[in-house]
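# Overview (structure and organization)
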Amino acid sequence: MVRRNPAYAPTQRTNGRGMDHMGVRPPQYRRAMGQPAGNAYNNHGNFIPDPVPAIRQDYGWLSWPELTIRMKGLHHSMTTLDLWSTFSSFGTPVLIELFEDNQGVSEGKAKIRFSPAPSHPFWATGTFNIVSMDGKHKCAVEIWLEKSRRSFKIQSPIKKSIWYPEKMTIHPQYLNFGHMLDPNSMMVMYELDANLGPMSFTVDLIRNRLLTNFKIPIIDPRSQGPTDFTDNDPIGHYDRVNRYMFTIPFGQLETIYRVDQGDGWYSLIITLDSPPQFFRKREEVEETHSNETRLWTDFDTWYRQTDIVYNPLRLHKAPIALHKERPLIDIGRWTTYQLMFREDEEHNQMYELLKQALQDHNIPIVELEGFKQLNAESAELWSLIDPPIQQSTELSYLEDSNVVMHLPFEVRYQLEVCISRGILHEHNVTKEFVTQLAEIASANSSKARFILEYITEQDKRVYNPMSIFEDQEALAYSPKTEIPHYCAFSRKATITPSTILFSSPTVETTNRVLRYYARENKDGRFLRVQFTDEAFEGRINSCANKQRNDELYTRVYRTLYNGIRIGDRKYEFLAFGNSQFRENGAYFFCPTDYLSCSDIRSWMGNFTHINVVAKYAARLGQCFSTTRAINGLSKPDIVKIPDVERNNFCFTDGVGKISPFLAQMIAAELGLRSNAAPSAFQFRLGGCKGILVVSPDAKEKEVHIRKSQQKFIAVYNGLEIIRCARFSCATLNRQTITILSSLGVPDEIFLDMLSEQLTNYQNAMKDDTLALSLLSRYIDDNHMTINIASMILNGFMAERDPFVLSLLHLWRSWSIKLLKEKAKIIVENGAFLLGCVDETATLRGYTTPVEGAPLTADELPQIFLQVPDKNEPNQYNVIEGICLVGRNPSLHPGDLRVVEAVNVPALHHLRDLVVFPQKGERDVPSMCSGGDLDGDDFFVIWDKDLQPPETNCAPMNYDPPQPRILDRPVQVDDLMKFFVRFMKNDSLPTIAHAHLAQSDFLQRGIKDEKCLKLAQLHSMAVDYVKTGLAAEMPKKLAPTKWPHFMEKKHKPKEAQYRSQKILGKLYDKVESIEFVPQYDEPFDKRVLQAYKPDDVLLRTVRQIKSQYDTAMRRIMAQQEIRTEFEVWSTFVLSRPKVGSDYKVQEEVGIITGALKDRFRTVCINKAGSKDFSVLGPFVAAMYRVTKEELDIALAECHSTRLVAGKEVPKRKMEPKFMPLISFPWLFEKELGRIATGIDASDDMDDLGMLQLILKTDGSRKRQTGVVPEEEDYIRQENGVIVHRGEELDLFRPDVDMEGYTDDSDWEEGREYSEGHRFTRGRDGEVILATALKVDEDEPAPSTEQVSGTGVEDVVPRAHMDGFIHRETSLPTYTSAKATGMSLDRGKLPAAVPRQTPTESLIDVDDTPVETPIDPPFISRDRIPPSSLADLSPLNEPFPSTGSDSEEAEEVAVDLDVEESSLERLARLVKS
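Residues numbered from 1 in each chain as written. Predicted model: local features only at pLDDT ≥ 70, side-chain atom pairs only at ≥ 80, totals over all residues. Heavy atoms only, no water.

Summing up its helical and strand segments, the protein has 36 helices and 57 strands in all. Per-residue burial for the protein yields a buried fraction of 60% across its 1471 residues. Partitioning the intrachain contacts of the protein with sequence separation of at least 6 by distance along the chain shows that 77% fall at a separation of at least 24. (Helix = DSSP H or I, 4+ residues; strand = E, 2+ residues; numbered from the N terminus. Buried < 20%, exposed > 50% of the residue type's maximum accessible area, 1.4 Å probe, protein only. Contact = heavy atoms within 4.5 Å.)

The next point concerns the pairing of strand β34 (residues 655-658). What you see with β34 is no split at all: Val 655 and Lys 657 on one side and Gly 656 and Ile 658 on the other are buried throughout. Summarising the sheet, β34 and strand β37 (residues 702-706) pair through two bridges and their orientation is antiparallel. Bridge pairing in β37 links Ile 658 to Val 703. (Pairing = 2+ DSSP bridges.)

The next thing to look at is the sheet that holds strand β6 (residues 127-131). Pairing is antiparallel in the open sheet, where six strands are placed in the order β6-β7-β3-β5-β4-β19. Lying at the two open borders of the sheet, with one neighbouring strand each, are β6 and β19 (295-297). Taken over all neighbouring pairs, the strand axes of this sheet differ in orientation by 25° on average, direction set aside. Sheet topology places strand β3 (residues 67-72) next to strand β5 (residues 106-114); six bridges connect them, and they run antiparallel. In the strand pairing of β5, Leu 67 is matched with Phe 114. (Axes fitted to C-alpha atoms, helices over the stretch in contact; angles between N-to-C directions.)

Counting across every chain of the model gives 60 aromatic pairs. Ring geometry for Tyr 174 and Trp 265: centres 5.9 Å apart, planes at 35°, overall tilted. Here Trp 265 lies in strand β17 (residues 265-271) and Tyr 174 lies in strand β11 (residues 174-182), a separation of 91 residues in the sequence. Above the ring of Tyr 413, the side-chain terminus of Arg 491 is found at 5.3 Å from the ring centroid. Positioned above the aromatic ring of Phe 409, the side-chain terminus of Arg 569 is 3.8 Å from the ring centre. (Phe/Tyr/Trp six-rings, centres within 6.5 Å; stacked < 30°, edge-to-face > 60°. Lys NZ or Arg CZ within 6 Å of the ring centre and 35° of its normal.)

Here is a general trend for soluble globular proteins: nonpolar side chains tend to be buried in one another's company. Core analysis: the largest hydrophobic core is formed by 155 residues, its most contacted members being Trp 811 and Leu 1066. Here Trp 811 is in contact with Tyr 761, Ala 764, Met 765, Leu 774, Leu 775, Tyr 778, Thr 785 and Phe 1131, once residues within four sequence places are set aside. If you look at the next biggest cluster of nonpolar residues, it comprises 99 residues, including Met 405, Leu 560, Met 604 and Tyr 616. (Core = buried A, V, L, I, M, F, W, Y, C linked by side-chain atoms within 4.5 Å.)

On to the environment of Thr 509. Relative to the helices and strands, Thr 509 resides in strand β25 (residues 500-509). Using a relative accessible area of 13% as the deciding quantity, one classes Thr 509 as buried. C-alpha separation for the pair Thr 509 and Arg 628, spaced 119 residues apart in sequence, amounts to 7.5 Å. Each residue touching Thr 509, except ones within four places of it in the same chain, is listed here: Tyr 486, Cys 487, Thr 626, Thr 627, Arg 628, Ile 1150 and Ala 1154.

With that settled, consider the packing of helix α17 (residues 747-764) against helix α26 (residues 1062-1069). Orientation of α17 relative to α26, taken along the N-to-C sense of each, is 20°, at an axis distance of 10 Å. Relative to α26, the element α17 lies roughly parallel. Classified by chirality, the crossing of α26 by α17 is right-handed. Residue-level contacts link Asp 747, Phe 750, Leu 751, Leu 754, Ser 755 and Leu 758 of α17 to Ile 1062, Lys 1065, Leu 1066 and Lys 1069 of α26. Across the contact of α17 with α26, the residue classes break down as six nonpolar, one polar and three charged. (Parallel < 35°, antiparallel > 145°, perpendicular 65-115°, else oblique. Left-handed = near helix turned anticlockwise from the far one by under 90°. Nonpolar A, V, L, I, M, F, W, Y, C, P; charged D, E, K, R; others polar.)

This next bit is on helix α24 (residues 1009-1022). Here α24 is 14 residues long and its end C-alpha atoms lie 20 Å apart, about the 20 Å a rise of 1.5 Å per residue gives. Considered for burial, the residues of α24 that qualify are Lys 1010, Cys 1011, Leu 1014, Ala 1015, Leu 1017, His 1018, Ser 1019, Met 1020 and Ala 1021. Where α24 begins, one side-chain oxygen reaches toward the backbone nitrogen of Lys 1010, 2.9 Å away; that side chain belongs to Asp 1008. (Expected span 1.5 Å × (residues − 1). Polar contact = N/O pair within 3.5 Å; in protein donor to acceptor, adjacent residues only side chain to side chain.)

So, on to helix α2 (residues 80-87). Among the eight residues of α2, seven are classified as buried, and the element is accordingly described as predominantly covered. Listing the buried residues of α2 in full gives Thr 80, Leu 81, Asp 82, Leu 83, Trp 84, Thr 86 and Phe 87.

The next thing to look at is the pairing of β11. Counting buried residues in β11 gives eight out of nine residues, a clear majority hidden from the surface. A loop of two residues connects β11 with strand β12 (residues 185-193), the two strands running antiparallel in sequence. As paired strands, β11 and strand β21 (residues 336-342) are joined by five bridges and run antiparallel to one another. Along β21, the bridge assignment pairs Asn 176 with Gln 338.

Glancing now at the pattern of salt bridges. Summed over the entire model, instances satisfying the criterion amount to 53 salt bridges. Between Arg 209 and Asp 204 there is a salt bridge, and its shortest N-O distance comes to 3.1 Å. Residue Arg 209 shares its accessibility class with Asp 204, and that shared class is buried. In this structure, Lys 689 and Asp 934 form a salt bridge, with 3.7 Å as the shortest nitrogen-oxygen distance. Of this pair, Lys 689 sits in strand β36 (residues 688-694) while Asp 934 sits in the loop between α21 (924-927) and β47 (937-941); the two residues are 245 residues apart in sequence, bridging distant segments of the chain. Residue Lys 689 shares its accessibility class with Asp 934, and that shared class is buried. (Salt bridge = Lys/Arg side-chain N within 4 Å of Asp/Glu carboxyl O.)

Along the chain, Asp 220 falls in the loop between β14 (209-218) and β15 (240-249). A distance of 2.7 Å separates polar atoms of two side chains, one belonging to Asp 220 and the other to Arg 222. Within the structure, the side chain of Asp 220 is placed 3.4 Å from the side chain of Tyr 310, a separation counted as a polar contact. If we ignore the near neighbours within four places in the chain, the residues touching Asp 220 are Phe 229, Pro 234, Ile 235, Gly 236, His 237, Asp 239 and Tyr 310.

Pairing is mixed across the open sheet formed by six strands, whose spatial order is β25-β24-β26-β29-β28-β27. Where the open sheet ends on each side, the last strands, each with one partner, are β25 and β27 (564-566). Strand-to-strand twist in this sheet, taken as the mean axis angle between neighbours without regard to direction, amounts to 35°. For strand β28 (residues 569-575) and strand β29 (residues 585-589), the ladder comprises three bridges, and the chain directions are antiparallel. Considered in β29, the bridge of Ala 575 is made with Tyr 587. Here helix α22 (residues 972-985) sits on the sheet in contact with β26 (526-531), β28 and β29, set at roughly 80° to β28.

Inspection of the secondary structure assignment puts Pro 1209 in strand β51 (residues 1206-1209). Remark: the alpha-carbon pair of Pro 1209 and Ala 1195, spanning 14 residues in sequence, is separated by 9.9 Å. Apart from the residues lying within four places of it in its own chain, the contact partners of Pro 1209 are Glu 1196, Cys 1197, Ser 1199, Thr 1200 and Arg 1201.

Let us now look at the confidence of the model for the protein. In the predicted model, the protein carries a mean pLDDT of 80, and 78% of its residues have values of at least 70. The low-confidence segment residues 1242-1270 (pLDDT under 50) makes 48 contacts with residues lying over four places distant or belonging to another chain. (pLDDT = per-residue confidence, 0-100.)

Rendered as C-alpha cells:
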C-alpha cells in the first residue's frame, strides 16, 4: 500500500470521496529506498519531478472524471498485471486493454484508464520504462494522453437542454438493512456506520442504476460472549473486513422516500420487491488478472455474493431453504435500505442535481411522513412451525419456547409461497395467525391452502395477516376444478443467488415420470427447480473466463448436492429434461420410505452402457419430455425395420412408421380438429424417440421402429405423443437473410417484402377482409391466427368486440416486434414443416458436384411436400419447382440447400411434411445445419425472388469432438457437475452474437474466415449437451465493433457503428407499436340478446369465471406475461428472462391448451351437456357476466377522485387493474354460432372419429397388484409380448446409435485446445486443470469444512480476503440491546450500535443451534485504541465501481481447476 502525502493530495472532486489517489511517493519513502528527497525516479527509472505543494499547476485534465493513457512499443509477452503493477502507484486504473491484430498477435499497444484522473502527468516525458513482473522483459514505451472526446455528461431524457454528470455521488453516514413492517415502519436488522469505512451512494446515468458501496467488519460471534455458534477453527480465525456493493437498476425502482429527521439529518428509504445484485471487492487485485485475457477492468475485482456470513465455507454442507438461520446480512430478504445523510452546502447541491436526474428517469424522491424505525426482533414464525432442534445452551429465554404447530405440507408450502413472494413477512406473522391457520388446516387442509392461494393471487402485501380470516372472498375462495387427464399440478421453486421464490401449484401437461408416479406427485413430492439470477435480472449468464460469478455457480451446485428444505421435507436432485437443461432447470424429489431418487432413475431406463455424462443426462432427460400418453391405445404390434445407411450417413435417422388406423386413434385421443389425421407424430416409446410417419406399409395396429430410434432400454409405459405434423408459414430471420444476402439476393427484395407486410398489418386493423386474408395466410406455429380468423368471419370484428379487437391489435404488435428484433419476415410461398424420409425410394438424392461446377436442375436432390392452399385451407397442393430448404439456426453459406420439389403420387398420403430422399451420397438434412429426422423442423421456400444466384455452397464438414468418456459408471454427482459446468461454460449465445456482428461488419460477410470458424464453433457449442465439451471462442474471433441493430447500448460509442447492410436497413424501417387492449369497445349485442339467463345460471357462471381468472392470473405470474391476451393467443410480447422466444411460444401453447381444455370440461359439466341447445345459453351467460364486470371497471376508469389535490381516475385502464375478459372465448365456435345462427359443426364429427375416442380413467395406475380392465402390452414381430411396466429392448445388445470412439486412454494433462490441459478428476472423469494460487496469508480452512461435495471440480473454492492480523488482540464487542434511532430526537450520535436479531451472525448449517444472540455492531467508541490500527483497512478509500468496459464480451472456455478443494469438500459432506 502506497501512502499518500497529504501535501500533494488533489482537490476534492464530485466523483467520490476517498477515491483520489496520489501517484507520487512521499519523500520519506524515497529516502528509505536510497533515492534523493528531491526529484525522484520510480522503480523503473522513470523521472518524477517533485511537485511544489504551495503552487499547483492547473491541469485541465484534473477535472476529468476519468483519463486514458495510450502507449506503444510493449513487449509481446506483457500482461495486464504487468501494466497494473507499473501504473497503479500513479492512480487507480479501472481499465487496461492490450491490443491484438486479427490473428490474435500482440500489436505492442495498450491503453490504461484511470478514475479519478491521476494528480501528476507522469506521461509528460513521452516515454516510460516498463519491467515485467517476473523481471524477464524490459521495454521503453512511447506514452501519451488520450484527449477526452467525451463531455462526461448525460442528456436528460425529458429536457434536452439539461445535461447531468455521468455519475453523481453523495456519502451516507449510516446504512441500515431491514424490511418494512407496515407502510410507514422499517425494522432495522443491521446497521453500518461510515466511521468504520467510507460509504458512497452513486447515481450512474451511463448504465441507469444506483450503486451503494460500503465496508463490513465480519467478526467471530464467539468473541462477543456467550453464543450458540460453534466452529472447529480458533476464535477469530475468519475475522475480516470486506468491501461490498449492491446495484439497483432504474427499472427496479418506482419511488425513493425521503424522511427529514431534523438538525441537518435526513434519510433516503429504498424498498425493493426483489433483491439487488450484491458484490464483494477482491482485495488482492493481482489475483483478478489473467494471462489468458487481454482486457482487465475494475469490475473484475468485484465478485458476486450469495450470502454474507461469518464462515461461508460452512454453507457447503447446508440444504437451501427460505429461512436462513444465521446470516450476518440476509441480502435476499432484507430488501429495504435506509441511507442517512448529514446536510451541508456541497452535499445539498449534489443531492438536488441527483434528485432532478432521477425525476427525469421517472423515479421521484417523495417525502414520507410519520416514518418509524423499529429495533430488530426475531421472527417467532419459524419456531412455531419448524420441529425443535436439540439445544445444548442454557440461555434463559428458551425456557418458555413455543410448542410447534403442525401444518400439512400443502399448507406449509403455500405459506412459504406467500413469504418468498413478499405477500406475507415472517415478522408480521403472529402466533395467533399460525394457530388459526393450523385449526382450519386440521379440519380442512384444502381450505387453508385456498386461503393462502387467494392472497397470493391478489399479489399485494398483507401487513396484518389476521385480516385474511375476515375476508369473505378469501374464505369462500375455491379454485379447485377437474383437470384434463393428461395434466397434473406442478410446484416450482426458483433458486436465485440470495433467496428462493416458490410458486403456487399450476396445471401443466405431464411427462412419463409424473404420470407413473402420479400418487407421489399429487402428494407434492416432485418439485420443478429453476436457477436464475435475482428476480429482476433473469438468466445467469455464462462467465467461462472470469471468476466473478463463481459464487453463483457454487450456490447452484450446493443446491443440487445438498437439496432444498421445505418444512420437514428435503428435496433431492433427481434429473433434468432436455429443454429444462437449456433453461437451467431440473426436477427434485422428496424421498419416501419406499421410494428414492435412485429408484426413480433406475425405473426410467437402463443406462449402464453409457459412460458419457452428457449423453447419460440426455437419455434421462428423454423421460421428462412433455408428452400426451395415448392411454387407450393398447396392444400395438412392433415391427423392427432397418436403417438406410451409406457413406457413414444415416438417411433414416429417427424415422419410423405408423399405420393409418393408429394415427386416427391418436388424433381422436388428442381431440384434433382437422379433416384428416396428421401425417406424422413426434413420440416416445420406452427408450425410443423420433417421429412416426403414417405409411400404408404399416398395417392395422403396427408401429415400425428403426434401430436409430432406440436410445436406451426402458420399461414400456405406453405410446407417448409430443406433437404432430402441422403447417405453419416459413419465415426469414437475421441469419437466413444474412446468408441469402451474401449469396446475391438483392436488398430490395427483403425491403419490399417488409414494406408490404407493414402496410398490410396497418390496414388490417380497419379492413375485415384483409385481416381475414392475412390471418389465414400468415399462420403461426400454434395456429392461433386461424382461430382469430374464424372470429372475424363470424362478424366479431365488424361488431367491434373488445376481446377480438384486442387480439387483432396484439397480433399486429407481436408481428411487428418480431420484424424489428429478429427480422422475422413471413414468406408466403414457403412452409415450416417436420422432415421425414421417402420410404418409396423414389426421390433423387444428393450427388457431390464436380469442383467449381454447380449442380444443374436435373442433378439437384429432390423433395416432396404437400401444403394447404392459401385461399382454401382444406385443399392441399403439391409444390413443384426449385426450392430452398434449411433449418434454424443457419450460419454457414452451405446450410441453405437448393432442391427440386416434385410430384410423387405414391407420397400423396403425406401432408404438412417435407419428404427427403433416401438415395444419394449424403442425406440432405445433415447438410442443413447438421439436422436429422427425429423431430427437426425445416423451412422450405419456393419464392423465386429469394432464390440466390449462388447456389449449393459446399456444406460445412463438421466433425463433432469426441465426448469425454468415464472409465467407470456415471454417478449422480457427475450429472450435478455437468449441469453447473454447462451454466458456466455455455458459449452458444456468445458465439451466435459474435457471428451476427462479424457477418455484418466484415466485408466478405459469412464467407469471411472468421465467420466460417464461428459457424464451426457454433456447432460445437450446440453439441455441448451431447459431448460435454464446451466450445472456446478465441479472442481474435470476438467482435470489436457492433452494429446498431444489435442494440448493444452499454458498449462504448467507439465500439458501435451504424450498419449499412440489409439488417441495418430492415431495422431502421420498422417502428414498434405498443399493444393497447381495446377495453372501451362494446360487447356484441347478437350474443347479449340471444338468451335471457336467470340469476342461478349467472351465479354459477360467476363462480367458474372466478376460478378461471385465478388460473389465468397464475399462468401470467409464473410465465411473467403481462396480459391475458398474450396467454390466450400465445403471442407473448415480453422477452423471456430465461429461454428463447420460440420456446416460450411453444410452452405457452401447451399451457394454454391445457387451461382451455380444463375449463371447457368444467363448463360443459356445469351446463349439463355439450349439446348446443344446453351449452349455448351457458356460453351466452359467460359472455354477459364478463361484460358486466368490465362495465363496472370502465365506469371507475371514467370517474375521478382527488389525490394530493389532483383529479386522477379511480381505476387505471391498464391490464394490471382491469378484469379479465377471455373467459367466454373458451367457446369461440359456440359464440360464433350464437352470433350468426350458423352451425359450424366440428370437423371431428365429419370424420366419424368421435366413436373412436378412447376410454380412459384419467390416469394410469402404477402396478400395485390390481389387474386393469384391459391388459396393455405390445407385441414384437418375433412374437415377444412386452407388458406395460416391463422392459422394452428392441435392438439388443447395442442400442445407442449416437456413436463415439473410445478415447478413454487420455494421458494425464493431455494438451487440448490452444494450450489448455486436461487431467483426471477424483472419480476418473476428464476435467480441465490449472493451478489455483492460494494466498499464504489466507487462513487454511479446516478439512471438515471444505471436503466432500466435488463442487470445486466445477468452480474454485470461495476466496476470502481482508483478514485482520490475528497476532493482534481483537476488540471485544458487547451485545447490548439495540437502541433504536428515533427520528424525532434532536441529534444523532456519531455512531449508533444496532443489534441484529437472532438470525444475525451465524451462518446456515445443519449443526444444532441454540438461542439467538445479540449481533455485534462495531462502533469506534467500543474499540480499544490499541486495536484501531488493526482495523485500518476500514478507512482505506474505496475504489471505483466499474468502468465503461464492464460489459466487455465474455469468451467461453472450459474452466480450469486444480486438484479440487471441492474434492476435499466431498469428504466432508459424505462424512
